[in-house]
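Here is how the chains run, residue by residue.
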Amino acid sequence: MEVKAKSACETCSHFNAEGLKRLGVNTTEVDFVVALAGNPNTGKSTVFNALTGLRQHTGNWPGKTVTRAEGAFEYNKEKYKLVDLPGTYSLLSTSEDEEVARNFILFGKPDVTVIVVDASRLERNLNLVLQILEITDRAVLCLNLMDEAERNHIEIDTRTLARYLGIPVVPTSARYDKGIPELIQTISEVANGKIICKPHRIKNIPKNIENAVQKLSLEIKKEYPEIANSRWIAFRLLEGDEHIIELLRTGEFV
Ligand SMILES: Nc1nc2c(ncn2[C@@H]2O[C@H](COP(=O)(O)OP(=O)(O)OP(=O)(O)O)[C@@H](O)[C@H]2O)c(=O)[nH]1
Ligand SMILES: [Mg+2]
């Protein structure tokens, strides 16, 4: 079987290598904030290092990211802050490091969320991808570890995946710096609105639940105008998610 690692966005203009500067920890006065989210061990910190020039720990252990790390890069004279998040399986998770990731994705208002997935274990990574797409309009799927997928004879139709998810898909092998230019180019196009995402969302919600969610969502917006994802929060409140209830009570997300 052959792996088709086509460039994610065949229509995008070419990467401008001269336009890239890795800025390390200089994260002041940025134009855009980009979050790196994904399941544990999918190569988020490896991507972070490739883009910022920093040396965030990578690896199974003790490289595991437990708090968020920040770095920056410049591309075509625009400055991007990149936030490397701890790995998480679900936005409904409760461990401390997973909460760091969840809170940033939910309340940090990133301009672009890059969801880094393991191409050799795509199916089990999709749960988090779909959850993130419920709460953000601007995302990029970084289909990392393509070399591993290739080794395991896994073929991924990136075009169909992008169409289904409604966001651009960029195949990468971050450990070998492959696909990083395409990733940077795609991030910049999403940040600048040249690529408009239409993320996959759950449809056909029963009418009574939809009505309740809408009502609750309005109340949340009134009380917390700074929350961008009142609909998602409304769902969690209806489910009785204690962490979210506590967050709203303490206002600690601000
Ligand atoms: N084969 C291969 N290995 C990779 C690739 N990208 C990252 N890795 C390796 O995967 C391991 C985990 O990488 P990290 O960058 O630490 O992963 P992470 O997503 O930041 O992990 P957490 O912070 O624990 O969630 C490291 O040993 C990397 O060298 C890739 O494209 N191909
Ligand atoms: Mg990490």
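Each chain carries its own residue numbering, running from 1 in the direction its sequence is written. Chains and ligands are labelled by the order in which they are written, letters from A for the one and numbers from 1 for the other. In keeping with the model being predicted, local features are shown solely for residues with a pLDDT of at least 70 and side-chain atom pairs are shown and tallied solely at 80 or more, while totals for entire chains, interfaces and linings include all residues. The basis for the side-chain values is all heavy atoms of the structure; hydrogens and waters are excluded.

**Some points on the pattern of salt bridges**
Only one rule defines a salt bridge in this text: a Lys or Arg side-chain nitrogen within 4 Å of an Asp or Glu carboxyl oxygen. On inspection of all chains with the given rule, the structure shows 11 salt bridges. The partner of K81 in a salt bridge is E70, and the shortest N-O contact between them spans 3.6 Å. With K81 in strand 4 (residues 78–84) and E70 in strand 3 (residues 69–75), the pair connects residues that are 11 residues apart, well separated along the chain. Ionic contacts of the salt-bridge type, sharing partners, join the residues R68, E70 and K81 into one network. What counts as a helix is a DSSP run of H or I of at least four residues, what counts as a strand is a run of E of at least two, and both are numbered from the N terminus.

**Structural notes on the domain arrangement of the protein chain**
What fixes the domain bounds is an automatic or database domain assignment. Taken as a whole, the protein chain is organised into domain 1 (17–192) and domain 2 (207–250). Summarising the inter-unit geometry, the C-alpha centres of domain 1 and domain 2 are found 27 Å apart. In what follows, a contact means two residues having at least one pair of non-hydrogen atoms within 4.5 Å. Counting from both sides, the interface comprises 11 residues of domain 1 and, opposite them, 11 residues of domain 2. The term buried area denotes the loss of accessible surface (1.4 Å probe radius) that occurs when two parts are joined, taken as the sum for both partners. Summed over both partners, the interface of domain 1 with domain 2 comes to about 990 Å²; 64% of that surface belongs to carbon and sulfur atoms. Of all residues in domain 1, L92, L106 and F107 give up the largest surface area on contact with domain 2, accounting jointly for 42% of the area buried on that side. One can count 0 salt bridges joining domain 1 with domain 2. Counted as a polar contact is a pair of N or O atoms within 3.5 Å, where, for protein atoms, one must be capable of donating a hydrogen and the other of accepting one, and residues adjacent in sequence contribute only when both atoms are in side chains. Counting across the interface, domain 1 meets domain 2 through 2 residue pairs in polar contact (both at pLDDT 80 or more). Each residue receives one of three labels: charged for Asp, Glu, Lys and Arg, nonpolar for Ala, Val, Leu, Ile, Met, Phe, Trp, Tyr, Cys and Pro, and polar for the others, Gly being one of them. In terms of residue class, the side of domain 1 that touches domain 2 is built from 5 nonpolar, 2 polar and 4 charged.

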